[in-house]
Amino acid sequence: MKISKDDVIHVAELARLEFGEDEIQKFTDQLGNILEYIEKLSELDTEGVEPTSHVLDISTPLREDRVEEWITPEEALQNAPEREDDFFTVPKVIDD
Amino acid sequence: MELPFLTIKKAGELIKGKEISPVEITKALLKRIEEIDGDLNTYITVLGDSALESAERAEKEIAKGGYKGPLHGVPIALKDIFIMKDVPATCGSKMLENFIPPYSATVTQKLVDAGAVILGKNNMDEFAMGSSTETSYFGPTKNPWDTDRVPGGSSGGSAAATAASLCLGSVGTDTGGSIRQPASLCGVVGMKPTYGRVSRFGMIAFASSLDQAGPLTKTVEDSAILLNTIAGGDRRDSTCVEAPVPDYTQSLTEDLKGIKVGIPKEYFVDGMDPDVEDSAKQAIEVLRDLGAEIVEISLPHTEYAVLTYYIIAPSEASSNLARYDGVKYGYRASDTKNLIDMYKKTRAEGFGEEVKRRIMLGTYALSAGYYDAYYLKALQVRTLIKQDFDEAFKKVDAIVAPTSPETAFKIGEKTDDPIKMYLSDVLTIPCNIAGLPGISLPSGLSSTGLPIGIQVLARPFDEETMFRVAHAYEKNSGWSGKRPPV
């Protein structure tokens with residue numbers, strides 16, 4: 001399956017990435033090659049084969065929903081690129 | 001006595017017997033790092049003062065009779081993917097260049113609780129995506145056997161630091177071969193435990209259904225000692241299994257009578273370096289001489305494992321790496337118009353090319369209309385690969401094969417060709433896809449003097465058989481303890 005430049009632009013949008021014109025061309029070529037290579041999987045008949053999303057046969061363990069000591073608000077905010085008081089701040093969400 | 005060249009086992013014994021002090025050995029390693037790591041670049045962060053403080057603390061504890069065990073006072077390094085409270089954790093990325101974790105990973109905490117001295121954080125491919133440590137934002141690590149060559153990856157810093165005696169051992173991670181392949185290329189022992197054996201809590205996520213932490217060491221015995229400490233259930237990682245952890249050092253016998261070892265014909269691939277093939281064949285003869293019954297087996301879906309991997313791993317990565325959005329921690333681009341623009345510029349500027357390539361690949365594979373053709377198909381083939389191993393392990397107790405089809409390649413040789421780079425892991429990936437334990441250990445040197453490795457795989461949670469076969473081979477191969485010319 002060949003991937004087009006428009007596909008790459010669309011996927012970049014979904015992944016919240018941004019590329020220059022040169023990079024879009026490069027990624028179109030490289031992703032195309034990789035997908036072409038991966039295409040070999042389609043020669044295998046997997047009709048009726050159960051998918052394995054996880055190798056371990058375990059169920060999700062449950063525990064009591066209880067408040068515990070963990071990091072402080074100050075520690076949680078110590079890596080914030082920008083903050084105001086006890087909040088993370090971000091640029092405007094809606095344009096003027 | 002040259003302290004940096006000691007094994008963990010030997011150093012632990014000497015420390016216990018008060019023949020050497022933790023401070024003395026820590027200082028010797030820090031001095032050696034100072035002298036030669038400028039060129040090798042195996043560390044992103046070296047913990048000079050805090051390592052000395054914990055060495056001093058260990059020394060006092062031991063003097064007072066509070067000996068904790070074989071890692072007490074022993075200097076160990078960590079791949080820069082494990083977080084440690086108040087110590088920078090970069091994961092090899094500009095995105096986390098200034099990130100200071102407010103808590104520690106379970107692996108880190110277990111080592112600290114065992115009294116180990118954490119020397120520093122090892123270089124790695126960015127977010128563990130790579131097979132050469134060349135994608136690190138902090139520059140490539142060089143192979144101590146030949147500094148024009150890569151150490152393998154993604155735990156290349158850990159493997160090279162262990163090989164060059166810049167730590168006594170390190171803990172890395174293996175998603176598709178990232179412990180075993182660099183161990184093979186640097187001539188050390190690298191071990192990936194069964195998926196679920198070691199907690200992933202505080203280990204920066206790449207592909208969550210495949211990632212597993214494990215030791216890189218000079219010997220199989222050291223590997224067992226480290227796994228004893230880091231293994232075990234953890235309520236903070238729901239995929240970490242609450243199963244008893246045996247004392248792995250007890251499985252290190254030198255006799256392989258009654259053990260059936262399978263040799264998968266599919267692992268002797270076209271284009272394999274003839275020295276690698278010869279080395280594996282000689283290793284098989286050593287195992288036979290030790291009493292193992294050698295059985296030829298087939299793992300028919302082997303060639304599809306790498307294809308499956310390059311759908312599953314990027315898909316999981318595209319989801320895991322969505323968290324790097326410039327809001328709560330990590331890099332944030334400046335001068336952005338609005339929130340979406342900030343996300344895009346942050347990620348465009350903060351991630352390197354290989355990480356972007358995998359995010360793109362994963363996002364595409366999971367996007368509307370392609371899910372069944374790629375992701376679901378890959379998960380179905382994963383079942384077939386796992387069934388191959390299930391069938392094989394009805395007939396044999398362990399599987400032995402080359403770790404990497406080649407020895408260390410030149411820096412820059414594969415950076416322009418992603419598929420060529422991805423094929424570096426063709427022999428290590430199936431083990432991750434099936435969640436098995438696997439260990440790579442030295443099996444020779446090529447005609448050009450570069451290390452070659454073989455790997456031993458075993459049934460899930462049967463690290464004991466894996467260690468037993470590896471240890472017996474190591475003790476009788478004549479290839480253990482070879483040191484690079486640094």
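Structure: see above.
Analysis parameters
- Residues numbered from 1 in each chain as written.
- Chains lettered and ligands numbered in written order.
- Predicted model: local features only at pLDDT ≥ 70, side-chain atom pairs only at ≥ 80, totals over all residues.
- Helix = DSSP H or I, 4+ residues; strand = E, 2+ residues; numbered from the N terminus.
- Rg over C-alpha atoms; globule rule 2.2 N^0.38 Å.
- Buried ≥ 20, exposed ≤ 12 C-beta atoms within 10 Å, placed from the backbone.
- Contact = placed C-beta atoms within 7 Å.
- Pairing = 2+ DSSP bridges.
- Axes fitted to C-alpha atoms, helices over the stretch in contact; angles between N-to-C directions.
- Parallel < 35°, antiparallel > 145°, perpendicular 65-115°, else oblique.
- Left-handed = near helix turned anticlockwise from the far one by under 90°.
- Right-handed = clockwise from strand over helix to strand, strands pointing away.
- Core = buried A, V, L, I, M, F, W, Y, C linked by C-beta atoms within 7 Å.
- Nonpolar A, V, L, I, M, F, W, Y, C, P; charged D, E, K, R; others polar.
- Expected span 1.5 Å × (residues − 1).

1. Re the overall build of chain A
Here's step 1: Each helix and strand in chain A was counted, giving three helices and two strands.
Here's step 2: In chain A, the succession of α and β elements from N to C terminus is α-α-α-β-β.
Here's step 3: Taking 12 Å as the expected radius of gyration for a compact globule of 96 residues, we find that chain A reaches 23 Å, considerably beyond that expectation.
Here's step 4: Residues counted as buried form 17% of the 96 residues belonging to chain A.

2. A look at the overall build of chain B
Here's step 1: Scanning chain B for helices and strands turns up 15 helices and eleven strands.
Here's step 2: Here the C-alpha radius of gyration of chain B, 21 Å, is about what a compact globule of 486 residues would show, namely 23 Å.
Here's step 3: Along the first, second and third principal axes, the C-alpha set of chain B runs to 65 × 55 × 45 Å.
Here's step 4: Burial status across chain B gives 61% buried among its 486 residues.
Here's step 5: Sequence separation of 24 or more characterises 77% of the internal contacts of chain B that already satisfy a separation of 6 or more.

3. Structural notes on the sheet that holds strand β7 (residues 260-264) of chain B
Residues and elements named next belong to chain B.
Here's step 1: If you walk across this open sheet you meet the eleven strands as β1-β3-β2-β4-β6-β5-β10-β11-β9-β7-β8, and the pairing is mixed. In this open sheet, the two strands that pair with only one neighbour each are β1 (43-46) and β8 (293-297). With direction set aside, neighbouring strand axes in the sheet form an average angle of 30°.
Here's step 2: With five bridges connecting them, strand β9 (residues 398-402) and strand β11 (residues 451-458) associate as antiparallel partners. Counted as the bridge partner of P402 is I454 from β11.
Here's step 3: Strands in contact with helix α8 (residues 274-289) are β7, β8, β9, β10 (438-445) and β11; relative to β9, the strand with the most contacts, it is inclined by about 150°.

4. So, the packing of helix α9 (residues 302-320) of chain B against helix α12 (residues 372-395) of chain B
All names here are of chain B.
Here's step 1: Packing of α9 against α12 leaves a shortest axis separation of 9 Å and a crossing angle of 130°. What the angle tells us is that α9 and α12 run oblique. When the axes of α9 and α12 are compared, the crossing they make is left-handed. For the pair formed by α9 and α12, the contact residues are Y304, A305, T308, I311, I312 and S315 on the first element and Y374, Y375, A378, V381, R382 and I385 on the second.

5. Topic: the pairing of β7(B)
On a regular strand, one side chain projects to one face of the sheet and the next to the other, so that they alternate.
All names here are of chain B.
Here's step 1: Strand direction decides the pairing type here: β7 and β8, joined by five bridges, are parallel. When the sheet's bridge partners are listed, V261 is paired in β8 with I294.
Here's step 2: Read as a crossover between parallel neighbours, the route from β7 over α8 to β8 is right-handed.
Here's step 3: Direction of pairing for β7 relative to β9: parallel, over a ladder of two bridges.

6. Section: the nonpolar core
Here's step 1: Counting 158 residues, the largest nonpolar core has I76(B), I118(B) and A398(B) as the members making the most contacts within it.
Here's step 2: Considering every element that reaches this core, the biggest residue donor is α9(B), with ten residues.

7. Let's talk about the interface of chain B and chain A
Here's step 1: In this complex, chain B contributes 53 residues to the contact, which on the side of chain A involves 43 residues.
Here's step 2: Those elements that place two or more of their residues in the side of chain B that touches chain A are α9, α10 (339-350), α11 (353-366), α12 and α13 (418-422) of chain B.
Here's step 3: The element contributing the most residues to the side of chain B that touches chain A is α12(B), with ten residues.
Here's step 4: Split by residue class, the side of chain B that touches chain A holds 28 nonpolar, 14 polar and eleven charged.

8. Structural notes on helix α15 (residues 463-477) of chain B
Turn by turn, an α-helix covers 3.6 residues, leaving residues three or four places apart pointing in a common direction.
All names here are of chain B.
Here's step 1: Compared with the 21 Å implied by 1.5 Å per residue over 15 residues, the 20 Å span of α15 between its first and last C-alpha is a close match.
Here's step 2: Close packing links the buried residues of α15 with α7 (220-230), β7, α8, β9, β10 and β11.
Here's step 3: Of the residues one or two after α15, G478 is the one with positive phi, at around 80°.

9. Considering the pairing of strand β2 (residues 75-79) of chain B
All names here are of chain B.
Here's step 1: Within β2, five of the five residues are buried, leaving the element largely enclosed by the surrounding structure.
Here's step 2: Pairing between β2 and strand β3 (residues 117-122): five bridges, direction parallel. Among the inter-strand pairings, L78 is bridged to a residue of β3, identified as K121.
Here's step 3: For the segment spanning β2, helix α4 (residues 106-113) and β3, crossover handedness is right-handed.
Here's step 4: Examined bridge by bridge, β2 and strand β4 (residues 169-174) share two bridges and lie parallel to one another. What sits directly across from L78, in β4, is V171.

10. Section: unusual backbone geometry
All names here are of chain B.
Here's step 1: Following G153, the chain continues into S154 via a peptide bond in cis, with omega recorded as 10°.
Here's step 2: Unusually for a residue other than glycine, C91 sits at a positive phi of about 55°.
Here's step 3: Unusually for a residue other than glycine, F127 sits at a positive phi of about 50°.
Here's step 4: Position of F127 relative to the elements: it lies in the loop between β3 and α5 (156-163).

11. A few points about α12(B)
Residues and elements named next belong to chain B.
Here's step 1: A rise of 1.5 Å per residue sets the reference length of α12, with its 24 residues, at 34 Å; its end C-alpha atoms lie 34 Å apart and thus fit the reference within 8%.
Here's step 2: Residues of α12 that are buried include every one of Y374, Y375, K377, A378, L379, Q380, V381, R382, I385, D388, F389 and F393, and no others.
Here's step 3: Elements in contact with the buried residues of α12: α9, α11 and α14 (429-434).

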